[in-house]
Every structure is written in structure tokens, then in C-alpha cells.
Amino acid sequence: MDVLELSRWQFGITTVYHFLMVPLTISLSLLVAAMQTAWVRTGDLKYLKMTKFWGKLLLINFAMGVVTGIVQEFQFGMNWSAYSRFVGDVFGAPLAMEGLVAFFVESTFLGLWIFGWDRLPKKVHLACAWAFSLATIASAYFILAANSWMQHPVGAELVDGRPRLTSIWAVLTNNTVLAAFPHTIFGAFSVAAAFLVGIAAWHLWRRTDEIPVWRSSLKLGAWVGVAAFAGLAASGDIQGKLMFEQQPMKMAAAEALCHTEEPASFSVFAIGDVTSPNCEDVKSLTVPALLSFLAHNDFSSEVKGIQDLVPLYQEKYGTNYPVDERLGELSGKPIDYVPALPVTYWGFRLMIGFGALSAFAGVAALWLTRGGRMPRGRWFPRLALASIATPFLGNSFGWIFTEMGRQPFVVVPNPSGVDGVWMFTARAVSQTTVGEVLTSLIALTLVYGALACVEVFLIRRYVRAGVAGVMPPDKPDKPADDVLAFAY
């Protein structure tokens, strides 16, 4: 293994791990703020208990997300210094806005929310919860703006071999981020929805106290999960059409579409080796003309296949890497413009499949709790607990598809302009040694594994403790005002 491959493995491992925390923080923060709003408006103690319980799990997840997220930006200098020098004038702007604006607001108001329960007026304290949750949304937007610029460079010009920012507004309103942002947020809500459904179903199955808390949490999670999947389908369609325009090779790889078709069929799944260049050994279950509709909104348009796209890429960006010792083994070698087909093809389907499974659990929860009913039997809590993993997996496969599907580029060329603003991944890596990268890869993987154990232990501990772990027990001889005084 060379430095490039090890660096990609390290960034992939740390990024996927970090992104397990991010969507739960984004969505659960908004749901907790909504729970607290319901309590402030109604005075119903049930909503206070929900706020306290789910808020505790949010804090644990947020703390782990901060720790793992710090490493992400360090890696740009550690393993990708050539990339950092190339895009720093543009890429640094949205990252700075995320750190200086969104994250500082996020952490400040989270601190006020944590320590202000018995010190701040109700509405001021509630405002802190909303400020924190909205700041997480802003933080996600700035990060996605930076990532979307790598997928579709805008608002820059090439000066002395490096892109120079000409319009931060163009970067922040890039049509790629405008499509990716809602898709990512809906994906985040599917995570929190499954989290609520799984944990609440388990407590209902145990027949513990606080049935109203768990029943309300279950129904909230179920409705959010179903709505999130509908949002994912709509926003995913918009994002897919943009990808067909901006990164046609990625979408051809997502379908393992070797040859141009008119109209093009959508492959539901394939049996055989999808890496076969002629697709002769691949048998697919297809939906006729559906891929044409997904690409261009009609059922008769042409969709170019991999074999016809490769010559177009070679004509624009070259057939061979430059002869440069910094490229290592790739120096002077032919450029492979086709991403890893098994990863893109199956990653795309696993993303959709796990998202659908998560929505199914939400539909099942709504059906079993209709008309005041309570879920019976062991199958549903087991299904609900298992479904917690499905949106996490769906989000992870979605990001793996998005990032690996753009290879061999780390900054993808804009097909409609911004001449010269693109970069091969092979040219982005730092001039480090295999031993240095391998050492950091092993160390970070072990540390992240330990952090995963800590988070699972803490989450499990507070989930098992239930409401009693975050609230004083109700006592018949204890006035209700005393219980409320615990919060304020």
C-alpha cells in the first residue's frame, strides 16, 4: 500500500465514524427543542421528562462528535497538504464561517442550556435550545458548501495555478449545496426518528413506568421517520438529476451502465461482476426507461454509458498522469476515470434500501399504536431496535458513494466553466512516508474504537435508566412545583 491509498483509508475511516454522530446531533437537537417547547406551552410534565431524557443522550452524542470532528480538519494539513495549498483560498472561507460563526454559537448556547435549567427564565432557556439546534443546521450548511465546491467548483478563477475566490455568495448558493443540504437534513432526521422509535419501543415492551413518555416518543419518531423518507426521496431525485449533469461518470457508475442507452433502464439489482467492462456477465432486474426519467425528467432521453464517457474525459483532462515523482507509482501511468463500480453500484442501492427499511419501522409503529393501541409481542421491539442501525448505515453508504464516485478527482471539474479548477486525488496527498501514515491510521482507528465503546456504554447506561436516570422520581407527597423546580 502506498501513501495515497493509506491516506484515503484514514480519511474514509475517520470521516464515516464522525458522520455517525453528526446526523443524530443535528436532528435530535431540533426534536429536543420541540419537546421543550411543548412543555413550556402546555405545562405537561410528560414533555419535560422527554426533554430531559432525550437531551441527555443528545449531550453524550454531541461530546463524542466534537472530539472526532477536530481530527477531520487536522487531516487536511497532515495527509492532504498539496490539496490544502491548492484550494485553501476558497475552501477555507466556508470552513472558517462554520468554526467562527456556527460552532461558537452552537457551543455557547448549548452551555447555557446545560447549566441554565435552574438559573434562566423558562422562555430564555428555551431560546437557548433553539439557538443551539439552529446553529447545528448552519454548521451543517457551511460544511456542505465546502464539500459541494469540491463536487462542483463555482465562484472562483484560476490565478497562478491556484483557484482564487471571486464570490463567496456563489459558493454558498452553489446549486450542488442547495440540493445536498435538504437531502442531508432529511437523512439526519431519519436517524433521530429511528433512535426514538427503537428506544421507546424497548421501554414499552418492558412495561416500565412513564408509558406516556415512551408512547409519545414512539409516535413522534414514527411520524418524523416517515416524513424524512418522503423528503429523502424528493430531494434525492433533485440531487440525482444534478449529478447526471455535473458528474455523469459517477451516475453511470452508480448504474454500472457500460453502454449508452436511449431510453435507459434503471437497474434494481445485478447478479454477476459489475466491474466487467462489457457487462456481458451481468444479469440485472431493470425498470425500463426509469433511468432516463431520473436523469432528465423524461422517459426517452439518452444516458451515456461508461465506455462512451471515458474518451470524453480523456480528451478534456488527459490520458496519462504527468511524469512527477510526487505521484509515486502513478507517475506517467494511464488515468482510470472509472470509480470502483462495486462500491458505487451497491453503495447507491444500500443507501436507498436501508432508508426504506427505516421508514418501514416508522410505518409499523404508527399502525401498531393507532387508536390508542399498544404494541404487543416481541417481534416489534426487536424490529425497532434493529432499525436504529438502518439510517446510520444508509447515511454512511450515501457518503461513501458520493465521495468515492467522484474519483479520480478530489476537486471535480465543473463541466460548464471555471477552467482549470480541478485536481486529481493523486496530486493532493502530502509528501509523507508510508510508515507515518500507517502509524496515524492505526492510532486513530484504535482511539476511535475506544471512543465508540465509551459512547455505547454511556448511551446504553442512560437508556436503561430511563426517565429515572435524569429526573427525580415522582412522589405522592411531593408537590408538583417541587418537581418543576428541579428544572428551573
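As shown above, the structure is provided for reference.
The notes below deal with the structure included here.

So, how was this worked out
Residues numbered from 1 in each chain as written. Predicted model: local features only at pLDDT ≥ 70, side-chain atom pairs only at ≥ 80, totals over all residues. Heavy atoms only, no water. Axes fitted to C-alpha atoms, helices over the stretch in contact; angles between N-to-C directions. Helix = DSSP H or I, 4+ residues; strand = E, 2+ residues; numbered from the N terminus. Parallel < 35°, antiparallel > 145°, perpendicular 65-115°, else oblique. Left-handed = near helix turned anticlockwise from the far one by under 90°. Contact = heavy atoms within 4.5 Å. Nonpolar A, V, L, I, M, F, W, Y, C, P; charged D, E, K, R; others polar. Phe/Tyr/Trp six-rings, centres within 6.5 Å; stacked < 30°, edge-to-face > 60°. Buried < 20%, exposed > 50% of the residue type's maximum accessible area, 1.4 Å probe, protein only. Pairing = 2+ DSSP bridges. Salt bridge = Lys/Arg side-chain N within 4 Å of Asp/Glu carboxyl O. Lys, Arg positive; Asp, Glu negative; His and termini not counted. Polar contact = N/O pair within 3.5 Å; in protein donor to acceptor, adjacent residues only side chain to side chain.

Some points on the packing of helix α6 (residues 175-206) against helix α14 (residues 434-465)
And then number 1: One way to put it is that α6 packs onto α14 with a least axis distance of 10 Å and a crossing angle of 45°. The angle between α6 and α14 places the two elements in the oblique class. In this structure, α6 crosses over α14, and the sense of that crossing is right-handed. Residues Phe-195, Ile-199, Trp-202, His-203 and Arg-206 of α6 form the contact with α14, whose participating residues are Ile-459, Val-463 and Arg-464.
And then number 2: When its residues are assigned to classes, the contact of α6 with α14 shows 5 nonpolar, 1 polar and 2 charged.

Looking at the packing of helix α1 (residues 3-42) against α6
And then number 1: For the pair α1 and α6, the least separation of the axes is 8 Å and the interaxial angle reads 75°. As summarised for this structure, α1 and α6 are arranged roughly perpendicular, according to the angle between their axes. Across the interface between the two elements, Phe-19, Pro-23, Leu-24, Ile-26, Ser-27, Leu-28, Leu-30, Leu-31 and Met-35 from α1 touch Thr-184, Ile-185, Ala-188, Phe-189, Val-191, Ala-192, Phe-195 and Leu-196 from α6.
And then number 2: Considered class by class, the residues forming the contact of α1 with α6 number 15 nonpolar, 2 polar and no charged.

Concerning the packing of aromatic side chains
And then number 1: Within the structure shown, the criterion is met by 25 aromatic pairs.
And then number 2: Ring centres of Phe-53 and Trp-54 lie 4.8 Å apart, and the angle between their planes is 80°; on these two criteria the pair is classed as edge-to-face.
And then number 3: A residue is classified by how much of its surface remains accessible, and Phe-53, at 1% relative accessible area, is buried.
And then number 4: Judged by relative accessible area, Trp-54 falls into the buried class, the value being 0%.

Let's talk about the environment of Arg-378
And then number 1: Turning to its location among the elements, Arg-378 is positioned in the loop between α11 (341-368) and α12 (379-387).
And then number 2: For the pair Arg-378 and Trp-205, spaced 173 residues apart in the sequence, the C-alpha separation amounts to 7.5 Å.

As for unusual backbone geometry
And then number 1: Residue Pro-263 is bonded to the preceding Glu-262 through a cis peptide linkage, with omega at -5°.
And then number 2: Within the secondary structure, Pro-263 is located in the loop between α8 (248-254) and β3 (266-271).
And then number 3: Between Gln-407 and Pro-408 the backbone carries a cis peptide bond, its omega angle lying at 15°.
And then number 4: Phi is positive for Asp-160, close to 55°, though the residue is something other than glycine.
And then number 5: Counting through the fold element by element, Asp-160 comes out in the loop between β1 (156-159) and β2 (162-165).
And then number 6: Using a relative accessible area of 76% as the deciding quantity, one classes Asp-160 as exposed.
And then number 7: Not every positive phi belongs to a glycine, and Asn-297 is a case in point at roughly 70°.
And then number 8: Residue placement: Asn-297 occurs in the loop between α9 (290-296) and α10 (306-317).
And then number 9: Of the residues examined, Asn-297 reaches a relative accessible area of 49% and is grouped as partly exposed.

Some thoughts on the pairing of β1
And then number 1: Sheet analysis places β1 next to β2, joined by 4 bridges and oriented antiparallel. Bridge pairing links Val-159 to Arg-162 in β2.
And then number 2: Remark: 2 residues form the turn of the hairpin made by β1 and β2, two consecutive strands paired antiparallel; Asp-160 in that turn has positive phi of roughly 55°.

Details of the pattern of salt bridges
And then number 1: What the rule picks out here adds up to 8 salt bridges.
And then number 2: Between Lys-49 and Glu-210 there is a salt bridge; the shortest N-O distance is 3.0 Å. With Lys-49 in helix α2 (residues 45-78) and Glu-210 in the loop between α6 and α7 (211-246), this pair connects stretches of sequence that are 161 residues apart.
And then number 3: For the salt bridge of Glu-255 with Arg-349, the shortest nitrogen-to-oxygen distance reads 2.8 Å. With Glu-255 in the loop between α8 and β3 and Arg-349 in helix α11, this pair connects stretches of sequence that are 94 residues apart.

Some thoughts on the side chain of Lys-46
And then number 1: Note on placement: Lys-46 falls in helix α2.
And then number 2: Here Lys-46 is buried and forms no salt bridge, its nearest opposite-charge partner Asp-44 lying at an N-O distance of 4.3 Å.
And then number 3: A distance of 3.1 Å separates a polar atom in the side chain of Lys-46 from a polar atom in the side chain of Ser-216.
And then number 4: Once you skip the residues sitting within four places of it in the chain, Lys-46 turns out to touch Pro-212, Val-213 and Ser-216.

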